[in-house]
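Observations on the three-dimensional arrangement
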Amino acid sequence: MKKGELGKTYNDGEVIFNEGEEGDSMFVIQSGKVKISKKVDFGDITITIMEEGEIFGEMAIFDRLPRSASAVAFGGARVLTVDKKKFLSVVNRDPTLAFKIFDAMSKRVRRLDAEVLKLKKQMGVHTHKEEK
């Protein structure tokens, strides 16, 4: 890491965190890409590839549950770690950060909802509205 740079540099394929690990911090991608994946019966599936400026791992700040997915550098990345104490300090000075995080989480949930609905339709599963 060069003097004055924040964050940590991860090489391609280097693990940032593993699914199931305890977590108390979130991450901001300063450069590069990060692959988010989840273990399934037949291996790992990629949930998404995140890019510069995006946040991930933020659920750990709010729910204190084990990590729900793994994060791995995809082609290399520089990532800033933000622990809960630092997060609360920054939000106290600038509440817009909290809104940015909630916005990102909301977009992610909406995207996942759309994907679940698409999968249900492909599998021929009816929604409650369709069954009436």
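Residues numbered from 1 in each chain as written. Predicted model: local features only at pLDDT ≥ 70, side-chain atom pairs only at ≥ 80, totals over all residues. Heavy atoms only, no water.

Some remarks on the pattern of salt bridges
Within this structure, the stated rule accounts for four salt bridges. Note that Glu51 is salt-bridged to Lys33, the shortest N-O span being 3.8 Å. A residue pair is termed long-range when its members are at least 10 positions apart, and Glu51 in strand 4 (residues 43-51) and Lys33 in strand 3 (residues 25-40) qualify at 18 residues. Residue Glu51 is classed as partly exposed on the basis of its relative accessible area, which comes to 42%. Between Asp103 and Lys107 there is a salt bridge; the shortest N-O distance is 3.1 Å. Taken together, the residues span about one helical turn, with Asp103 and Lys107 both in helix 3 (residues 96-123) at a distance of four residues. Given a relative accessible area of 38%, Asp103 falls into the partly exposed group. (Salt bridge = Lys/Arg side-chain N within 4 Å of Asp/Glu carboxyl O. Helix = DSSP H or I, 4+ residues; strand = E, 2+ residues; numbered from the N terminus. Buried < 20%, exposed > 50% of the residue type's maximum accessible area, 1.4 Å probe, protein only.)

Side note on the packing of aromatic side chains
Under the counting rule described, the total for this entry stands at five aromatic pairs. A ring pair is formed by Phe62 and Phe87, whose centres lie 5.9 Å apart and whose planes are at 85 degrees; its orientation type is edge-to-face. Of the two residues, Phe62 sits in helix 1 (residues 59-63) while Phe87 sits in helix 2 (residues 84-93), which places them 25 residues apart along the sequence. With a relative accessible area of 38%, Phe62 lands in the partly exposed category. With centroids separated by 5.7 Å and ring planes inclined at 35 degrees, the aromatic side chains of Phe62 and Phe102 adopt a geometry described as tilted. Residue Phe62 is found in helix 1, and its partner Phe102 is found in helix 3; the two are separated by 40 residues along the sequence. Assessed through its relative accessible area of 45%, Phe102 is described here as partly exposed. (Phe/Tyr/Trp six-rings, centres within 6.5 Å; stacked < 30°, edge-to-face > 60°.)

Observations regarding the side chain of Arg67
Position of Arg67 among the secondary structure elements: in the loop between helix 1 and strand 6 (70-83). Buried and without a salt bridge, Arg67 has Asp24 as its closest oppositely charged side chain, separated by 5.6 Å. Of the polar contacts made by the side chain of Arg67, one reaches the backbone oxygen of Gly57; its length is 3.0 Å. Those residues in contact with Arg67, other than ones at most four positions away along the chain, are Phe17, Asn18, Glu19, Gly20, Glu21, Glu22, Gly23, Asp24, Ser25, Phe27, Gly57 and Ala60. (Lys, Arg positive; Asp, Glu negative; His and termini not counted. Polar contact = N/O pair within 3.5 Å; in protein donor to acceptor, adjacent residues only side chain to side chain. Contact = heavy atoms within 4.5 Å.)

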